[in-house]
Amino acid sequence: MTEVTLNGEAWQGVDAAVEALVDKWLVKEGDAVQAGQVLANVVLVKSNLEITAPASGRIVQILVPVGGTFARGKPIAVLQEAA
């Protein structure tokens, strides 16, 4: 299983206490995805960012719903990589 997170570069210069907001999911649990596919749109300090699949596989669980927030390094979904 692979955790889906917002890459570390997006957090550079952002206070450690700040959380990002999940604005929109473009996939749902059970969906097959390809590496690099956009999975969700998030907002971090007034910037709209995309979270992409780190590998091809299937979304097993969405951990942060639309409107939910998450901290630096926290996963927002779990991906089961293709065999």
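Throughout what follows, the structure given in this document is the object of discussion. (Residues numbered from 1 in each chain as written. Predicted model: local features only at pLDDT ≥ 70, side-chain atom pairs only at ≥ 80, totals over all residues. Heavy atoms only, no water.)

### A short note on the environment of Leu79
Right, on to step 1. Summarising the element assignment, Leu79 is placed in strand 8 (residues 77–81).
Right, on to step 2. On the basis of relative accessibility, which here comes to 0%, the residue Leu79 falls in the buried class.
Right, on to step 3. C-alpha of Leu79 to C-alpha of Gln61: the two residues are 18 residues apart in sequence and 7.3 Å apart in space.
Right, on to step 4. Filtering out sequence-adjacent residues up to four positions away, Leu79 remains in contact with Met1, Thr2, Val4, Val33, Pro54, Ala55, Gly57, Arg58, Ile59 and Val60. (Helix = DSSP H or I, 4+ residues; strand = E, 2+ residues; numbered from the N terminus. Buried < 20%, exposed > 50% of the residue type's maximum accessible area, 1.4 Å probe, protein only. Contact = heavy atoms within 4.5 Å.)

### What to know about the sheet that holds strand 2 (residues 20–25)
What holds strands together in a sheet is hydrogen bonding between their backbones, with the strands either parallel or antiparallel.
Right, on to step 1. The 4 strands lie next to each other as 5-4-2-7, forming an open sheet whose pairing is antiparallel. Bordering the open sheet on either side are strand 5 (47–52) and strand 7 (69–70), each of which pairs with just one other strand.
Right, on to step 2. Across 4 bridges, the pairing between strand 2 and strand 4 (residues 38–44) is antiparallel. Residue pairing for strand 4: Val22 is matched across the bridge by Val42. (Pairing = 2+ DSSP bridges.)

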